Amino acid sequence: MPKSLSLLAQCDLANRSGTGCAWCGDELPKRRRTWCSDRCATAFWTNHWWTLARRAARRRDKYRCKRCGHKPVGRAHPSYRKLRKTDRLEVNHVQQALGDHRRLSCKHHLQNLETLCLDCHKSVTRSQR
Ligand SMILES: [Zn+2]
Ligand SMILES: [Zn+2]
Ligand SMILES: [Zn+2]
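Parameters at a glance
- Residues numbered from 1 in each chain as written.
- Chains lettered and ligands numbered in written order.
- Predicted model: local features only at pLDDT ≥ 70, side-chain atom pairs only at ≥ 80, totals over all residues.
- Heavy atoms only, no water.
- Helix = DSSP H or I, 4+ residues; strand = E, 2+ residues; numbered from the N terminus.
- Donors = N, O, S within 2.8 Å, 3.2 Å for Na, K, Ca; no water.
- Tetrahedral: all angles 85-135°; square planar, octahedral: opposite > 155°, others 65-115°.
- Buried < 20%, exposed > 50% of the residue type's maximum accessible area, 1.4 Å probe, protein only.
- Domains from an automatic or database assignment.
- Buried area = accessible area lost by both parts, 1.4 Å probe.
- Polar contact = N/O pair within 3.5 Å; in protein donor to acceptor, adjacent residues only side chain to side chain.
- Nonpolar A, V, L, I, M, F, W, Y, C, P; charged D, E, K, R; others polar.
- Core = buried A, V, L, I, M, F, W, Y, C linked by side-chain atoms within 4.5 Å.
- Contact = heavy atoms within 4.5 Å.
- Phe/Tyr/Trp six-rings, centres within 6.5 Å; stacked < 30°, edge-to-face > 60°.

Asker: Go over unusual backbone geometry with me, naming the residues and quoting the values.
Answerer: At Arg 31, a residue that is not glycine, the phi angle is positive and equals roughly 75 degrees. Inspection of the secondary structure puts Arg 31 in the loop between α1 (3-8) and α2 (38-48).

Asker: So what about the coordination of the zinc ion (ligand 1)? Which residues, and what values?
Answerer: Taken together, Cys 21 (SG), Cys 24 (SG), Cys 36 (SG) and Cys 40 (SG) make up the full set of protein donors to the zinc ion (ligand 1), lying 2.3 Å away. Coordination at the zinc ion (ligand 1) is tetrahedral: its four donor atoms span angles of 105 to 113 degrees at the metal. Considered as a linear motif, the donors of the zinc ion (ligand 1) on their single chain read C-x2-C-x11-C-x3-C. For Cys 21, a relative accessible area of 0% puts it in the buried group.

Asker: A description of the coordination of the zinc ion (ligand 2) should follow, citing residues and the corresponding values.
Answerer: Surrounding the zinc ion (ligand 2) are the protein donor atoms Cys 65 (SG), Cys 68 (SG), Cys 117 (SG) and Cys 120 (SG), which sit 2.3 Å from the metal. Of note is the zinc ion (ligand 2), whose four donor atoms meet at the metal with angles of 103 to 115 degrees in an arrangement that counts as tetrahedral.

Asker: Let's hear about the domain arrangement of the protein: which residues, and what values?
Answerer: Looking at the protein, the domain boundaries give domain 1 (1-48) and domain 2 (50-129). Relative to domain 2, the C-alpha centre of domain 1 lies at a distance of 27 Å. Here domain 1 and domain 2 share an interface that buries about 900 Å² over both sides, 69% of which is from carbon and sulfur atoms. When the buried surface of domain 1 facing domain 2 is broken down by residue, Thr 46, Asn 47 and His 48 rank first, second and third, together holding 53% of it. At the surface where domain 1 touches domain 2, the tally comes to four residue pairs in polar contact (both at pLDDT 80 or more). Of all the secondary structure elements, the ones that give two or more residues to the side of domain 1 that touches domain 2 are α1 and α2. Split into classes, the residues belonging to the side of domain 1 that touches domain 2 amount to five nonpolar, four polar and one charged.

Asker: Could you give me a rundown of the nonpolar core, with the residues and numbers involved?
Answerer: Leu 7, Leu 8, Cys 11, Ala 14, Cys 21, Ala 22, Trp 23, Trp 35, Cys 36, Cys 40, Ala 41 and Phe 44 together form the largest nonpolar core, which totals twelve residues. Those elements that place two or more of their residues in this core are α1 and α2. Ranked by the residues each element gives to this core, the list is headed by α2, at three residues. Residue contacts for Ala 22: discarding those within four places in its chain leaves Leu 8, Ala 14, Asn 15, Thr 34 and Trp 35. One finds Trp 50, Ala 57, Leu 110 and Leu 113 within the second-largest nonpolar core, a separate group that totals seven residues.

Asker: Provide a residue-level description of the packing of aromatic side chains, including the pertinent values.
Answerer: Counted according to the given criterion, the structure contains four aromatic pairs. Ring plane angle 80 degrees and centroid distance 6.2 Å describe the contact between Trp 23 and Phe 44, whose orientation is recorded as edge-to-face. Placement of the pair is Trp 23 in the loop between α1 and α2 and Phe 44 in helix α2, with a sequence separation of 21 residues. As far as burial versus exposure is concerned, Trp 23 and Phe 44 are alike and both buried. Residues Trp 45 and Trp 49 carry aromatic rings whose centres are separated by 6.5 Å and whose planes lie at 75 degrees to one another, so their mutual orientation is edge-to-face. Note on Trp 45: relative accessible area 34%, which makes it partly exposed. Each residue in the set Trp 23, Trp 35, Phe 44, Trp 45 and Trp 49 is aromatic and connected to the rest through ring pairs, giving one cluster.

Below, the structure is given as structure tokens:
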């Protein structure tokens, strides 16, 4: 069984009935084995693969810090290059991911992610310890 499928067996977001699309449960078109459509495949990856999940979380949070509402300066800003080291957004796992960043994991579900500015991320990480 491919790794993604063993993960699906425990995933709260997936269709675990054993029939139909492994994401939405719709009937599978001919020649499709796991997902009914590319959309469902993408939804799966977006919620389980860190690089994609992180990007999706930022987009969902409208590129603002979820706690304080801070929005870093954009590329067009004259001091962007100087500021981006300290003035940027990071994505935090509400339930900590620990070593799972490089793995497919249900910890990367979008509902477990929040976009934070550096300051908020620091204070959240401190309180998570
Ligand atoms: Zn589907
Ligand atoms: Zn903040
Ligand atoms: Zn999952």
